[in-house]
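Here are the chains, one letter per residue:
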Amino acid sequence: MDTIWTPSLANWQGAKYQGIAEGIADAVRCGDLVADQKLPTHRALAEALGVTTGTVTRAYAEAERRGLVYAVIGSGTFVRGSEASSHEWRFTETQPEGLIELHLNRPLKSDRAELFARSMRSLAAHPAQINQLLDYQPDIGVTAHRQLICEWLARESWQPMNDQVVISNGGQHALLVALMALTRAGDTVVAEELTYPGFNAVARQLRLEVRSAAMDREGIVPESLDLVCRQVSPRALFCTPSLQNPTTATMSLQRREAVLAVCRRHGVIVIEDEVSIGLADGLPPPLAALAPEQAVLVGSFSKSLAAGVRVGYLVGSSSLQNRLGAAVRASCWMVSPVMVALVCEWIRDGSARQLLLAQREEISARLEIALDRLQGFRVSSHPGGLHLWLHLPEPWRADEFVVAAREQGVLVQAAASFSVGRAAVPHAVRISVSAASTRAQLAQGLDLLLPLLHEGPGAVPALF
Ligand SMILES: Cc1ncc(COP(=O)(O)O)c(C=O)c1O
């Protein structure tokens, strides 16, 4: 007999119908349910879950209201195309037709073709070197490359050493490597209650338990973290101290020290995500600079230079280098040295700095446009941040707003996409300022959202 798709209500504390709707959202997010897949009949799912048929009917209605499913009279209930769901993360080859993308944190598009060609010619001008780059390399990366990355990361308050750096295939891979090296299946990892969804994806793959700690405007709240540590003895904390994704919260130095103190007390290792570290000035030192024995930094050149090079890094205690290297070996053997050499060429000849400064200038102009348009609404932002966090005016709920925005031709990301576990989520959406192809397109997208914000649900007719 075929097994039917069934959500788990085991850890669900609220109303059962909401648990089922949340289960549908989760399954769409991680690909267990795909576009146009038929959901079980009300009666079959009710029997499988031991609930009444009325509960499933209410759950499907809730999922439909959230834009996750659609009903066809006489045929049943089907999963909506994933690009219409509020949890869409996949990058597509071309922009969705007619839609303005304010939902993904892309690096800004700029013409780097000439720079790329020049750098490749310059690398190829040294045959011995290029032939070496085309061979296998050590798992942690080549010494000269790691040295240049140290120089790139150096701040007044921090100078990482060569033997602390391990090169990765971008930030997501760095996160995978850190979690592979520092946790085992079944371990618990604490995260901020709203976090980068790539973390949830890796945690799921590695069979980690995830618990959340409360946040405020400075990110994770030490008292809440302390309580969670006492309750579940986690192995690690995952957090984003600067320009947090999605809330833009940035920890002060005092907050960083307080978070580290809690972790030290409970023997918890910190994995800090600093992929945006280069985008803003004047940030306090990373946790890995304050406590090198206790924190591992994951970083990337995706947001500051180019996502397609897929070059990132980990910075941790030199005593962890072997474990991190083993995780790189297990996941990909080594990072393409050719792409790392390209990034290092950019660091060496100053192009990386120029690209970063141009990126910062454009982000700053775009943030100004967005903040100007959204005056009067509750918005969190940070200079250099690729996104802002918009608290929706009453009576909007985030998932309803995402559907209404899409009907106006604009994609934004609902708070639920960032939720950890089953914690209640705020009525807020993330608006990325970097994904629109031009400043004018960003302004146009925001102008389409304004009537929704001013007039509330149901008042503005759909355009799409
Ligand atoms: C907070 C955060 N961490 C990590 C990553 C992954 O970085 P990469 O694109 O280098 O894999 C992203 C990308 O969106 C991110 O926003």
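Residues numbered from 1 in each chain as written. Predicted model: local features only at pLDDT ≥ 70, side-chain atom pairs only at ≥ 80, totals over all residues.

(A) The arrangement of the overall build of the protein chain in detail. Across its full length, the protein chain carries 16 helices and 17 strands. A compact globule built from 464 residues would reach a C-alpha radius of gyration of about 23 Å, and the protein chain, at 23 Å, matches this within 12%. By its C-alpha atoms, the protein chain is 70 × 50 × 45 Å across when sized along the principal axes. Considering only contacts within the protein chain whose residues lie at least 6 apart along the sequence, 72% involve residues at least 24 apart. (Helix = DSSP H or I, 4+ residues; strand = E, 2+ residues; numbered from the N terminus. Rg over C-alpha atoms; globule rule 2.2 N^0.38 Å. Contact = placed C-beta atoms within 7 Å.)

(B) Fine view of the sheet that holds strand β14 (residues 387–391). Sheet architecture is open: four strands sit in the order β13-β14-β17-β16, paired in antiparallel fashion. Only two strands of the sheet have a single neighbouring strand rather than two, namely β13 (378–380) and β16 (413–414). With two bridges connecting them, β16 and strand β17 (residues 428–432) associate as antiparallel partners. Of the residues in β17, the one forming a bridge with Ala-414 is Val-429. Here helix α15 (residues 398–407) sits on the sheet in contact with β16 and β17, set at roughly 40° to β17. (Pairing = 2+ DSSP bridges. Axes fitted to C-alpha atoms, helices over the stretch in contact; angles between N-to-C directions.)

(C) Geometry of the site of the ligand. Taken together, 14 residues lie near the ligand, and Gly-170, Gly-171, Gln-172, Ser-300 and Ser-302 sit nearest. Of the residues forming the shell around the ligand, the biggest block, three residues, is contributed by helix α7 (residues 170–182). The residue makeup of the shell around the ligand, split by class, is three nonpolar, ten polar and one charged. (Near = placed C-beta within 6 Å. Nonpolar A, V, L, I, M, F, W, Y, C, P; charged D, E, K, R; others polar.)

(D) Representation of the sheet that holds strand β11 (residues 295–300) within the structure. Taken in spatial order, the seven strands make up an open sheet running β4-β12-β11-β10-β9-β5-β6, and their pairing is mixed. Edge positions in the sheet fall to β4 (165–168) and β6 (209–213), since each has one partner strand and no second. The sheet shows a mean angle of 20° between the axes of neighbouring strands, direction not considered. In the packing of helix α6 (residues 143–153) onto the sheet, contacts are made with β4 and β12 (312–315), and the angle to β4 comes to roughly 100°. With respect to the sheet, helix α9 (residues 222–232) is in contact with β5 (188–192), β6 and β9 (236–239), its orientation differing from that of β6 by roughly 150°.

(E) Here's a closer look at the pairing of β14. Counting buried residues along β14, four of its five residues qualify, which places the element largely inside the surrounding structure. Counted along the chain from β13 to the antiparallel partner β14, the turn is six residues long, and its residue Gly-384 has a positive phi close to 90°. Where β14 meets β17, five bridges bridge the pair, whose relative direction is antiparallel. Bridge assignment links His-387 to a residue of β17, and that residue is Ser-432. (Buried ≥ 20, exposed ≤ 12 C-beta atoms within 10 Å, placed from the backbone.)

(F) Representation of the nonpolar core. Among the nonpolar cores identified, the biggest contains 125 residues, and Ala-178, Val-296, Leu-314 and Val-429 are the most heavily contacted of them. Looking at this core element by element, the count peaks at eight residues for α7. (Core = buried A, V, L, I, M, F, W, Y, C linked by C-beta atoms within 7 Å.)

(G) Summary view of the domain arrangement of the protein chain. According to the domain assignment, the protein chain consists of domain 1 (16–84), domain 2 (100–106 + 353–455) and domain 3 (113–349). Each of domain 1 and domain 2 has a C-alpha centre, and these two points are 28 Å apart. The interface is formed by five residues belonging to domain 1 together with six residues belonging to domain 2. Split into classes, the residues belonging to the side of domain 1 that touches domain 2 amount to two nonpolar, one polar and two charged. (Domains from an automatic or database assignment.)

(H) Main features of unusual backbone geometry. For the peptide bond that leads from Asn-245 to Pro-246, omega is 20°, which places it in the cis range. Structurally, Pro-246 can be placed in the loop between β9 and α10 (253–266). Along the chain, Glu-394 connects to Pro-395 via a cis peptide bond; the corresponding omega equals 5°. Following the sequence through the fold, Pro-395 ends up in the loop between β14 and α15. With phi around 40°, Ser-233 is a residue other than glycine that occupies positive phi space. Its location among the elements puts Ser-233 in the loop between α9 and β9. With 12 C-beta atoms packed within 10 Å, Ser-233 lands in the exposed category. Although it is not a glycine, Arg-310 sits at a positive phi angle of roughly 55°. Position of Arg-310 relative to the elements: it lies in the loop between β11 and β12. A tally of 20 C-beta atoms within 10 Å means that Arg-310 is categorised as buried.

(I) Summary view of α15. Taking burial as the measure, the ten residues of α15 include nine buried ones, the bulk of the element. Every buried residue belonging to α15 is among Ala-398, Asp-399, Glu-400, Phe-401, Val-402, Val-403, Ala-404, Ala-405 and Arg-406, and all of these are buried. Buried residues along α15 sit in contact with β15 (410–411), β16, β17 and α16 (439–455). Positive phi appears at Gly-409, one or two residues downstream of α15, with a value of about 95°.

(J) Summary view of the environment of Gln-375. Looking at the secondary structure, you find Gln-375 in the loop between α14 (351–373) and β13. In the structure, Gln-375 is positioned 41 residues away from Met-334 in sequence and 48 Å away in space, judged by C-alpha atoms.

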